[in-house]
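# Survey of secondary and tertiary structure
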Amino acid sequence: MWCSRTALGRLQKIAPCTVSGFPRAMSMLPKVYVTRKVPPDGLDILRKSGQVQFEMWDSDDPVPRVELLKKVKGCDGILCVLTEKIDAQLLDAAGPNLKVLSTMSVGFDHLSLDELKKRGIRVGYTPDVLTDAVAELTVALLLATSRRLIEATHEAKTGGWGTWRTLWLCGHELANSTVGILGLGRIGVAIAERLKPFKVKKFIYTDVEPRPELAKMIEAEYVSLDELAKQSDFLAICCALTPETHGICNWNLFSKMKKNAIFINTSRGGVVNQEDLYEALSTGLIAGAGLDVTTPEPLPTHHPLFTLKNCVILPHIASASYTTRNAMSALAANNLLAGLRGEPMPKELKL
């Protein structure tokens, strides 16, 4: 059923809502579908606004595609997450009433931007609010990979911890290292700011073009992609997934990297050729890799990368802090409401 106040865990009917002091029947309010049980801050904003009637897929698991196509019919707005593919099929199912699409994500590779633009549908997204959480997780993943923490925990638990040995479980330090960043944006800068106290010697980066204002904040040097690979002791991938960056981290890149290099990806799985990465790790071409994102997600448990001790894989949790996920939910809700009112969104993706 459709409602404007939805208690977590169940939907309930309410009395007619009031907007700007004028009573409006529920049937006159814009109709919104929320494709997942999003954190409470965003739901509270939708409920208390009195500006929409909404239905939510009340589960932590994705809404089945058939159900999604049925529920979006006639909607004025959709609030989605990154697991929902917003393509021509879905937009056709929604119909001509759809005016606003708000995604609770900073990435937008799940959206068919050309189709949205063609239909004049405005798009909101949630950058900035997850910068700190992603940067923290990236540093944690880098340290876990380079200092072999997952291996060490396993050895301690399974009886491998014997007498002290001179080179057992030795890893690689950040001190006096060169850290490379592929794609220098807010998150790349935040990662570098957190790594600087570890006595990193040098930061380098590459992007589609130099980013002097951002680079100045972390005293980073712009280099070519080849030089990024050759010079980096630690390489953090922070770029968006686009047709140009799809598969950019491939054998050509790995073959130029140092044997002691650590590769970290917290951006999107599609920027990495995973077969090439497996070969690079299994043959000792590079020292290790930490991945928070893969293709597909979830990565099948029988995937070859899971067999490697020098590959740490996390289940896409870079933004998974209570503070950040609630902030993302709130921003997605505010983007949606502003778009439906015909006002500027707090964070709108310009198509």
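Residues numbered from 1 in each chain as written. Predicted model: local features only at pLDDT ≥ 70, side-chain atom pairs only at ≥ 80, totals over all residues. Heavy atoms only, no water.

### Remarks on the overall build of the protein
The secondary structure content of the protein amounts to twelve helices and 15 strands. Taking 2.2 N^0.38 as the reference for a compact globule, 351 residues should give roughly 20 Å; the C-alpha atoms of the protein span a radius of gyration of 23 Å, in line with that estimate. Along the longest, intermediate and shortest principal axes, the C-alpha atoms of the protein span 75 × 50 × 35 Å. Burial status across the protein gives 49% buried among its 351 residues. Taking all contacts inside the protein whose residues are at least 6 apart in sequence as the whole, residues at least 24 apart take part in 62%. Working note: accessible area of the protein is about 17100 Å², and carbon and sulfur atoms make up 55% of it. One finds the centroid of the 41 positive side-chain charges in the protein at a distance of 4 Å from the centroid of its 37 negative side-chain charges. (Helix = DSSP H or I, 4+ residues; strand = E, 2+ residues; numbered from the N terminus. Rg over C-alpha atoms; globule rule 2.2 N^0.38 Å. Buried < 20%, exposed > 50% of the residue type's maximum accessible area, 1.4 Å probe, protein only. Contact = heavy atoms within 4.5 Å. Areas by Shrake-Rupley, 256 points an atom, 1.4 Å probe, with all protein chains shown as cover. Lys, Arg positive; Asp, Glu negative; His and termini not counted. Charge placed at Lys NZ, Arg CZ, Asp CG, Glu CD.)

### Let's talk about helix H5 (residues 131-146)
When the terminal C-alpha atoms of H5 are compared, their 22 Å separation across 16 residues agrees well with the 22 Å that a helix rising 1.5 Å per residue should span. Within H5, twelve of the 16 residues are buried, which leaves the element mostly enclosed by the surrounding structure. Of all the residues in H5, the buried ones are Thr-131, Ala-133, Val-134, Ala-135, Leu-137, Thr-138, Val-139, Leu-141, Leu-142, Ala-144, Thr-145 and Ser-146. Among the residues trailing H5, Arg-148 stands out with phi positive, at a value near 60°. (Expected span 1.5 Å × (residues − 1).)

### A short note on the packing of aromatic side chains
Counted by the stated rule, this structure contains three aromatic pairs. Aromatic side chains Phe-108 and Tyr-125 sit 6.1 Å apart centroid to centroid with 80° between the ring planes, which places their arrangement in the edge-to-face category. Residue Phe-108 is found in the loop between strand S6 (100-103) and helix H4 (113-118), and its partner Tyr-125 is found in the loop between strand S7 (122-124) and H5; the two are separated by 17 residues along the sequence. Classification of Phe-108 as partly exposed rests on a relative accessible area of 27%. Judged by its relative accessible area of 16%, Tyr-125 is buried. Seen from their ring centres, Phe-254 and Phe-263 are 5.3 Å apart, and the 85° between their planes marks the pair as edge-to-face. Here Arg-165 stacks its cationic end above the ring of Trp-168, 4.3 Å away from the centre of that ring. (Phe/Tyr/Trp six-rings, centres within 6.5 Å; stacked < 30°, edge-to-face > 60°. Lys NZ or Arg CZ within 6 Å of the ring centre and 35° of its normal.)

### Things to note about the packing of helix H1 (residues 40-49) against helix H12 (residues 322-340)
Geometrically, a packed helix pair is captured by the angle between its two axes and the distance between the axes. Running from amino to carboxyl end, H1 crosses H12 at an angle of 30°, the nearest separation of the two axes being 6 Å. The orientation of H1 relative to H12 falls into the category roughly parallel. Contact residues: Pro-40, Asp-41, Gly-42, Leu-43, Ile-45, Leu-46 and Ser-49 in H1; Asn-326, Ser-329, Ala-330, Ala-333, Asn-334, Leu-336 and Leu-337 in H12. By residue class, the composition of the contact of H1 with H12 is eight nonpolar, five polar and one charged. (Axes fitted to C-alpha atoms, helices over the stretch in contact; angles between N-to-C directions. Parallel < 35°, antiparallel > 145°, perpendicular 65-115°, else oblique. Nonpolar A, V, L, I, M, F, W, Y, C, P; charged D, E, K, R; others polar.)

### Re the UniProt feature "domain: D-isomer specific 2-hydroxyacid dehydrogenase catalytic" (unreviewed entry) in the protein
Per the UniProt record, "domain: D-isomer specific 2-hydroxyacid dehydrogenase catalytic" (unreviewed entry) is annotated on residues 32-348. Across residues 32-348, the secondary structure splits into 35% helix and 15% strand, with the terminal C-alpha atoms separated by 18 Å. (UniProt positions renumbered as here; feature names shortened; annotations may be inferred.)

### As for the side chain of Glu-84
With respect to the helices and strands, the residue Glu-84 is situated in the loop between strand S5 (77-80) and helix H3 (88-94). Notably, Glu-84 is buried but unbridged: the nearest opposite-charge side chain belongs to Arg-36, and the N-O separation is 4.0 Å. Engagement of the side chain of Glu-84 in a polar contact is seen with the side chain of Thr-35, the distance being 2.7 Å. Here Glu-84 is in contact with Thr-35, Arg-36, Pro-62, Val-63, Leu-68 and His-110, once residues within four sequence places are set aside. (Salt bridge = Lys/Arg side-chain N within 4 Å of Asp/Glu carboxyl O. Polar contact = N/O pair within 3.5 Å; in protein donor to acceptor, adjacent residues only side chain to side chain.)

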